[in-house]
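Remarks on the overall topology
These are the residues of each chain, in order.
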Amino acid sequence: MARIFAVANQKGGVGKTTTTVNLAAALAAHEQRVLLVDLDPQGNATMGSGVDKRAVPATVYQVLIGQTSVAEARARSEAGGYDVLAANRELAGAEIDLVQIDNREKRLKDALALVDAEYDFILIDCPPSLSMLTLNGLCGAHGVIIPMQCEYYALEGLSDLVNTIKQVHAKLNRDLKIIGLLRVMFDPRSTLSQQVSAQLEAHFGDKVFKAIIPRNVRLAEAPSHGLPGVVFDKQAKGSQAYLSFAAEMIERIKSI
Ligand code: ATP
Ligand code: MG
C-alpha cells in the first residue's frame, strides 16, 4: 500500500511545488513507484514534471467531481520516472462544484484508494491556501510534509497550519500526522536562517528533517526545461539535497 503525503503550507512561494516535484523524481531515482497529484490550479507541479497542463485528456478536477478515475486520468512524467495526476485552471472551479457533493473533503481519498496498491508513494502538491482543495489533500494523506523558509515570519504561519492539521486529525482523518518540517531555500551564511533553524529544532525536535535544501539556482531553472531539478542537474547542491531527503523519507516511513 502506498504511503500518501501532502506537501502543504498555506504561505505562497515557500517551495511546496519544488519539493513535491523533486521528491517525486528523487524517490523514483531510488526505485520507488510514485504518483504525484497536483492539487493546485496553477498546475506548476504538472508543468515542472514535463507534462503539458493544456494537453492532458483529464485532470484531478474530473477525478474530484467523479467524472473519471485516477487510472484514466494519470499521465506519465517520462523524464521524472513517475506518474502525474495533472491540474490546470479548471481546478479553480472545483471549490464551487464540490459544495453540492457529499463527503466533499474525502473525494481525493476515495479516488486514490483505487490505485493505492500500484505505488510506494503518493505525493500531493497543495495550493497556497487552507481551502477545500487543501482539505482534500489533508484528508487523503497519512502525513504532511511542511516546507519552510527559515525566516522570521515563517513561524507565525506555522501555527495556523498546525491547528488546521490538528482539526483535520480530530474530525476527518485519524491517520493524519505531521511527518516533518523541511528547511528549504536555506542560506547557511545568514545568521537569521541559522537562528530560525535552531528554533525549529528546539521546538519540533526530530520532526525537523535532517536534510536541508539550500537555495540553488539550478532548482529554479529546471521547471523552464520541463524537468525536475534532480534530473536537470543531478550534481547540483539542491538536487543532491533532495536525493538525501528522499533517502530520509524511505527510512522514515519504516517507523510510521
Ligand atoms: P505556491 O505557493 O505559489 O504554490 P510554492 O510554495 O509551490 O509556491 P515553489 O513554486 O516551489 O513554491 O517555489 C517558489 C519559487 O522559488 C519558484 O520560482 C522556485 O523555482 C523557487 N525555488 C524553490 N525552491 C528553491 C531553492 N531551493 N533554491 C532556489 N529557488 C527555489
Ligand atoms: Mg506550488
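A brief look at the structure comes next. (Residues numbered from 1 in each chain as written. Chains lettered and ligands numbered in written order. Predicted model: local features only at pLDDT ≥ 70, side-chain atom pairs only at ≥ 80, totals over all residues. Heavy atoms only, no water.)

**A word on the overall build of the protein chain**
- From N to C terminus, the protein chain includes 12 helices and eight strands.
- By the compact-globule yardstick of 18 Å for 256 residues, the protein chain fits well, its C-alpha radius of gyration being 17 Å.
- Taken along its principal axes, the extent of the C-alpha atoms in the protein chain is 50 × 40 × 30 Å.
- Looking at the 256 residues of the protein chain, the share that counts as buried comes to 55%.
- Residue pairs in contact within the protein chain that sit at least 24 positions apart in sequence constitute 79% of those at least 6 positions apart.
- When the accessible surface of the protein chain is summed, it comes to about 11,400 Å², and 50% of that surface belongs to carbon and sulfur atoms. (Helix = DSSP H or I, 4+ residues; strand = E, 2+ residues; numbered from the N terminus. Rg over C-alpha atoms; globule rule 2.2 N^0.38 Å. Buried < 20%, exposed > 50% of the residue type's maximum accessible area, 1.4 Å probe, protein only. Contact = heavy atoms within 4.5 Å. Areas by Shrake-Rupley, 256 points an atom, 1.4 Å probe, with all protein chains shown as cover.)

**Some points on the side chain of D233**
- With respect to the helices and strands, D233 occurs in the loop between α11 (229-232) and α12 (237-252).
- Within the local environment of D233, its side chain forms a polar contact with the side chain of R218, the two groups lying 2.8 Å apart. (Polar contact = N/O pair within 3.5 Å; in protein donor to acceptor, adjacent residues only side chain to side chain.)

**Side note on the environment of E72**
- Within the secondary structure, E72 is located in helix α4 (residues 70-73).
- Judged by its relative accessible area of 60%, E72 falls in the exposed class.
- Between the C-alpha atoms of E72 and L23, which are 49 residues apart in sequence, the distance is 24 Å.

**Digging into the pattern of salt bridges**
- The full count for this structure, using the stated rule, is 11 salt bridges.
- Between R189 and D187 there is a salt bridge, with the nearest N and O atoms lying 3.4 Å from each other.
- The exposure class assigned to D187 is partly exposed, which follows from its relative accessible area of 24%.
- In this structure, K254 and E251 form a salt bridge, with 2.9 Å as the shortest nitrogen-oxygen distance.
- A relative accessible area of 49% places E251 in the partly exposed class.
- Because the salt bridges share partners, they merge into one network encompassing R218, E221 and D233. (Salt bridge = Lys/Arg side-chain N within 4 Å of Asp/Glu carboxyl O.)

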